[in-house]
Amino acid sequence: MKKLVHVFLTAAVLYTVSMPVLAVETAPAVSAECSIVIHADSGRVLYEKNADQRMLIASTTKIMTALVALENCAPEEAVTIKPEWAAVEGSSMYLKSGETYTLEELLYGMMLASGNDAATAVACHVAGDIPSFAELMNEKAEALGMSGSSFENPHGLDGETHYSTARDMATLAAHAMENESFAKIVGTHAVTIKGLTYVNHNKLLTMCDGVLGVKTGFTKAAGRTLVSCCERDGARLICVTLHAPDDWDDHMALYDWAYREYRYMPAVGPEDTVSLPLISDAGGTVTVRPREEVRVLTAPEDQVSVSVQLPRFVFPGHEAGERAGKLIVCVNGVPQGETDYVYCSDIAVPTAAKRSFLQWLRGLGVYELIQ
């Protein structure tokens with residue numbers, strides 16, 4: 001196994017765009033009792049307020065319901081509605097007993113119209129009954145590290161063991177938005193199913209530039225709950241507000257602030273090459289480059305550094321694009337992105353290497369050096 005050497009480079013060497021030094025702008029005041037804004041890709045927290053306080057989450061619960069359903073069943077699966085599923089209290093997509101829907105149609109009704117009937121049908125189709133589905137929800141929460149959450153139903157009606165935190169819901173939303181089927185559903189403005197048109201309750205889709213989803217919620221005890229995802233200039237953020245009387249304005253103000261304060265900047269790219277010594281009869285060097293651009297979300301006062309892991313020297317016999325090492329980009333000492341180093345060109349084995357490997361090394365005087 002090749003021994004790796006660690007090299008630390010400063011942001012000044014690698015940044016292709018200089019960052020102006022600006023005063024940090026104070027985050028806006030919000031109506032929410034609990035809230036958070038994170039960068040979806042890295043998980044970096046940009047803003048938080050009581051983010052670990054356990055709260056009722058109302059219909060934002062359905063983010064977990066949809067994710068668990070999509071990870072366990074195919075969207076085209078048929079679901080025939082039972083009478084008890086169509087009679088659930090609260091918001092509804094008006095399912096009719098005996099009719100058959102695809103799972104995807106139920107998910108649209110659940111995420112756009114916030115149908116509790118649809119959530120119940122989805123849960124029972126996936127797991128057989130609500131308690132069994134709740135077990136799947138809690139297993140997924142544990143897998144995602146949602147340590148402040150507990151789920152007892154698929155729709156979000158108030159329950160003693162049904163709660164989460166702003167931080168956990170942001171983690172959940174960031175993960176869920178990576179699922180293409182989920183992202184498509186929650187980003188849909190309206191859909192018609194069996195002659196009924198369902199309009200997305202999430203007004204941010206039309207009110208706020210860049211918003212992609214995800215889910216609203218309300219009960220008298222929980223108050224207004226809202227989880228949203230926004231992308232501007234390539235930076236995807238998640239915002240969560242719990243018990244927020246003015247949630248639409250809270251989200252818009254927090255997004256506008258975050259996108260003013262933070263920049264999604266290239267830290268390294270394919271043009272940032274490194275030369276390594278080549279061990280061959282001809283000598284020389286080998287050039288490697290980052291496989292892809294790594295961008296990080298930074299504020300003006302942040303310190304950006306790059307940890308480079310590469311071999312001390314290279315032997316012939318590599319192809320262009322083959323992995324040579326890796327680099328990790330850190331912001332204020334915390335890893336925020338990484339990529340591989342790859343060889344820029346083929347490194348052919350010289351004629352001398354047709355001899356046995358050890359003979360070749362002895363001929364170069366290298367074998368004795370590395371004994």
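Just above, that's the structure.
Reading the values: rules and limits
Residues numbered from 1 in each chain as written. Predicted model: local features only at pLDDT ≥ 70, side-chain atom pairs only at ≥ 80, totals over all residues. Heavy atoms only, no water. Salt bridge = Lys/Arg side-chain N within 4 Å of Asp/Glu carboxyl O. Helix = DSSP H or I, 4+ residues; strand = E, 2+ residues; numbered from the N terminus. Core = buried A, V, L, I, M, F, W, Y, C linked by side-chain atoms within 4.5 Å. Buried < 20%, exposed > 50% of the residue type's maximum accessible area, 1.4 Å probe, protein only. Contact = heavy atoms within 4.5 Å. Phe/Tyr/Trp six-rings, centres within 6.5 Å; stacked < 30°, edge-to-face > 60°. Pairing = 2+ DSSP bridges. Axes fitted to C-alpha atoms, helices over the stretch in contact; angles between N-to-C directions. Left-handed = near helix turned anticlockwise from the far one by under 90°. Nonpolar A, V, L, I, M, F, W, Y, C, P; charged D, E, K, R; others polar. Patch = residues over 30% accessible without salt bridge, like charges linked within 9 Å, V, L, I, M, F, W, Y side chains within 5 Å. Areas by Shrake-Rupley, 256 points an atom, 1.4 Å probe, with all protein chains shown as cover. Lys, Arg positive; Asp, Glu negative; His and termini not counted. Charge placed at Lys NZ, Arg CZ, Asp CG, Glu CD.

Take the pattern of salt bridges next. Going through the model one piece at a time under the given rule, you end up with 11 salt bridges. Across the salt bridge formed by R167 and E48, the nearest N and O atoms sit 2.6 Å from each other. A residue pair is termed long-range when its members are at least 10 positions apart, and R167 in helix α6 (residues 166-176) and E48 in strand β3 (residues 45-49) qualify at 119 residues. Between R224 and D247 there is a salt bridge, with its nearest N and O atoms 3.1 Å apart. With a gap of 23 residues between them, R224 in strand β9 (residues 223-232) and D247 in helix α9 (residues 247-261) connect regions that are remote in the sequence. Via salt bridges that share partners, E48, D52 and R167 belong to a single interconnected network.

Next up on the list: the nonpolar core. One recurring pattern in soluble globular proteins: nonpolar side chains tend to sit buried together. By size, the foremost hydrophobic cluster in this structure holds 62 residues, and its most contacted members are I63, L106, L107, M111, F182, I238 and V240. With residues up to four places along the chain from it excluded, the contact list for F182 reads I63, A66, L67, L70, M111, A176, M177 and V214. With 26 residues, the next largest nonpolar core counts V30, V37, V211 and Y264 among its residues.

A complete count under the given rule lists 4 aromatic pairs for this structure. Look at W257 and Y262: their rings are 6.1 Å apart centre to centre, the planes differ by 80 degrees, and that puts the pair in the edge-to-face class. Overall, Y262 belongs to the buried group, its relative accessible area being 11%. Consider the rings of F313 and F315, whose centres lie 5.6 Å apart with planes at 85 degrees: the pair is edge-to-face. On the basis of relative accessible area, F313 is assigned to the partly exposed category, the value being 28%. Residue classification places F315 among the buried residues on the basis of a relative accessible area of 19%.

The element β9 is extensively covered by neighbouring structure, given that 8 of its 10 residues are classed as buried. Here strand β8 (residues 211-219) pairs with β9 via 8 bridges, running antiparallel. If you follow F218 over to β9, its bridge partner there is R224. In sequence, β8 turns back onto β9 through a hairpin of 3 residues. Of the strand pairs in this sheet, β9 and strand β10 (residues 235-242) are connected by 7 bridges, and their pairing is antiparallel. Looking at the pairing, S228 lines up with C239 of β10. Connecting β9 to the next strand, β10, in antiparallel fashion are 2 residues, including D233 with a positive phi near 50 degrees.

The next subject is unusual backbone geometry. Residues G213 and V214 are joined by a peptide bond in cis, for which omega reads 15 degrees. Along the chain, V214 turns up in strand β8. Of note in the backbone geometry, Y94 takes a positive phi value of approximately 65 degrees without being a glycine. Along the polypeptide, Y94 turns up in the loop between β4 (78-80) and β5 (100-102). Residue D233 is not a glycine yet carries a positive backbone phi of 50 degrees.

Taken in spatial order, the 5 strands of this open sheet run β3-β2-β10-β9-β8, and their pairing is antiparallel. Sheet topology places β3 and β8 at the edges, where each strand pairs with a single neighbour. Direction aside, neighbouring strands of the sheet carry axes that sit 5 degrees apart on average. Along the sheet, α6 contacts β2 (34-39), β3, β8, β9 and β10; its crossing angle with β2, the most-contacted strand, is approximately 35 degrees. The strands that α9 touches are β2, β3, β8, β9 and β10; relative to β9, the one it contacts most, it runs at about 30 degrees.

A word on the pairing of strand β7 (residues 196-199). Consecutive side chains along a regular strand alternate between the two faces of the sheet. Pairing between strand β6 (residues 190-193) and β7: 4 bridges, direction antiparallel. Within the sheet, the bridge partner assigned to A190 lies in β7 and is V199.

The next thing to look at is the packing of helix α2 (residues 62-72) against α6. At a closest axis distance of 10 Å, the pairing of α2 and α6 adopts a crossing angle of 35 degrees. Along this stretch, α2 crosses α6, giving a crossing that reads as left-handed. Contacts from I63, M64, L67 and E71 in α2 reach M169, L172, H175 and A176 in α6. A class-by-class count of the residues in the contact of α2 with α6 yields 6 nonpolar, 1 polar and 1 charged.

The next thing to look at is a negative patch on the surface. A surface patch of like charges, here negative, comprises D129, E135, E139 and E142. Inspection of the secondary structure puts E142 in helix α5 (residues 130-143). A relative accessible area of 67% places E142 in the exposed class.

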